[in-house]
Amino acid sequence: MDKEIKKLATHARTGINSASVLADLEKIYLEIFGKSGTFTNLTKQLSSIPKSKKPKIGQLLNEAKKEIEKTFEQRHNFLKKKRPKEFIDITAPGKKLKLGHLHLISQAIDEIVAIFSKLGFSLESYPEVDWDWYAFESLNMPKNHPARDDWETFFIKSAPKPHFGSQVLTPHTSNGQVREMEKLKKPPIRMLNIARCYRRQIDVSHTPMFHQFEGLFIDEYITIANLKGTLNYFTAKFFGPKRQMRLRPHYFRFTEPSFEVDVTCGVCQGSGCRFCKSGWVELGGAGMVHPKVLEAGNINPHKYTGFAFGWGIERTIAIKTGIGDIRLLYQNDIRFLEQF
Ligand code: DAH
């Protein structure tokens, strides 16, 4: 049997050293050490040889095994090093990277700014944390006035300042009105104030943080006709020429007269449907600037008049696109955002 072992060892060595790829080497390994491999078969014969010869044969088998395995290892290392480097096919078409785009709200802001800048409105920006004076009092809403309840305001814990009062997270962009009057000192004023606003509210059509855009136009001889013309122009540009706009009488402390601005429903185009009921959907507020507000901004109400309007951007987007829940705008779900 020792001859057979030697023969097997020599045979295995030549076989292993002639393998030119790793896959062949694996095949040879199985042929030798597999379940019915040549070496395995030899070890099976061990049980049928005389007891006295067993230790010697056993030792020979062990040595042969060690030697064959060593040869395997050497060849394996050699072939691994020899493996060709990874091949890069530079002519293969590349992977297309996904290209993002501006968020729906940023797109709407850009569009709104572009429309109003054609009418000479300039984009301004005012504090998000502002004094009670600018957010309420200068807008004809004295302290403890019940009208303030509609603004569901977040108050900042800080010491109140004489005349300006305490600080709030701006619940609307109307805080920019008197600030703009103070800045320019003298009409004409054509301001567009776009900012984040905050209120204690959350449901399908409200989020605690949202955006508004506020227009303010003050000059001599400004009338409701100017307000209507401006808003007609905006609705036609933003929603398309098929949508109509109307002013509906309303009440705000800082405008007299005041209106709510409606636009014909995008679903039924104004004939009335389940979504809008009347054919109209409400966009936001507007009106002729109250004389008291002009006075608060040091502008002579006997010489100048003006109009103002303020709408939620999320609401305006919902009316244009038909999305039923404005909270979707803040969930960052790519499947939603991709559609716009
Ligand atoms: N600030 C009001 C709000 O948040 C909206 C508004 C109404 C703004 C009438 C105006 C206006 O400028 O004239 O509900």
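Looking at an unreviewed UniProt entry, one finds the protein named Phenylalanine--tRNA ligase alpha subunit and attributed to Candidatus Curtissbacteria bacterium RIFCSPLOWO2_02_41_11. Entered under Sequence similarities (unreviewed entry) in the UniProt record, the comment concerning the protein runs "Belongs to the class-II aminoacyl-tRNA synthetase family. Phe-tRNA synthetase alpha subunit type 1 subfamily." Among the UniProt annotations of the protein, the heading Subcellular location (unreviewed entry) holds the following wording: "Cytoplasm".

> Report on the overall build of the protein, specifying residues and quantitative values.
For the protein, the helix and strand inventory stands at 11 helices and 10 strands. Taken over C-alpha atoms, the radius of gyration comes to 41 Å for the protein, far larger than the 20 Å a tight globule of 340 residues would show. Projected onto its principal axes, the C-alpha positions of the protein cover 130 × 50 × 40 Å. Expressed as a percentage of the 340 residues in the protein, the buried residues total 43%.

> Mind laying out the UniProt feature "domain: Aminoacyl-transfer RNA synthetases class-II family profile" (unreviewed entry) in the protein, listing which residues take part and the relevant values?
In the UniProt entry, the feature "domain: Aminoacyl-transfer RNA synthetases class-II family profile" (unreviewed entry) is given for residues 188–319. The annotated region residues 188–319 carries 22% helix and 43% strand content, and the separation between its end C-alpha atoms amounts to 32 Å.

> How would you sum up the UniProt feature "binding site: Mg(2+)" (unreviewed entry) in the protein? Please name residues and give values.
Residues annotated by UniProt as "binding site: Mg(2+)" (unreviewed entry) correspond here to E256. You can see E256 is positioned in strand β8 (residues 255–264). Here E256 falls in the partly exposed class, since its relative accessible area comes to 46%. E256 has contacts with M288 and H290, leaving out every residue within four places of it along the chain.

How each quantity is defined
- Residues numbered from 1 in each chain as written.
- Predicted model: local features only at pLDDT ≥ 70, side-chain atom pairs only at ≥ 80, totals over all residues.
- Heavy atoms only, no water.
- UniProt positions renumbered as here; feature names shortened; annotations may be inferred.
- Helix = DSSP H or I, 4+ residues; strand = E, 2+ residues; numbered from the N terminus.
- Rg over C-alpha atoms; globule rule 2.2 N^0.38 Å.
- Buried < 20%, exposed > 50% of the residue type's maximum accessible area, 1.4 Å probe, protein only.
- Contact = heavy atoms within 4.5 Å.

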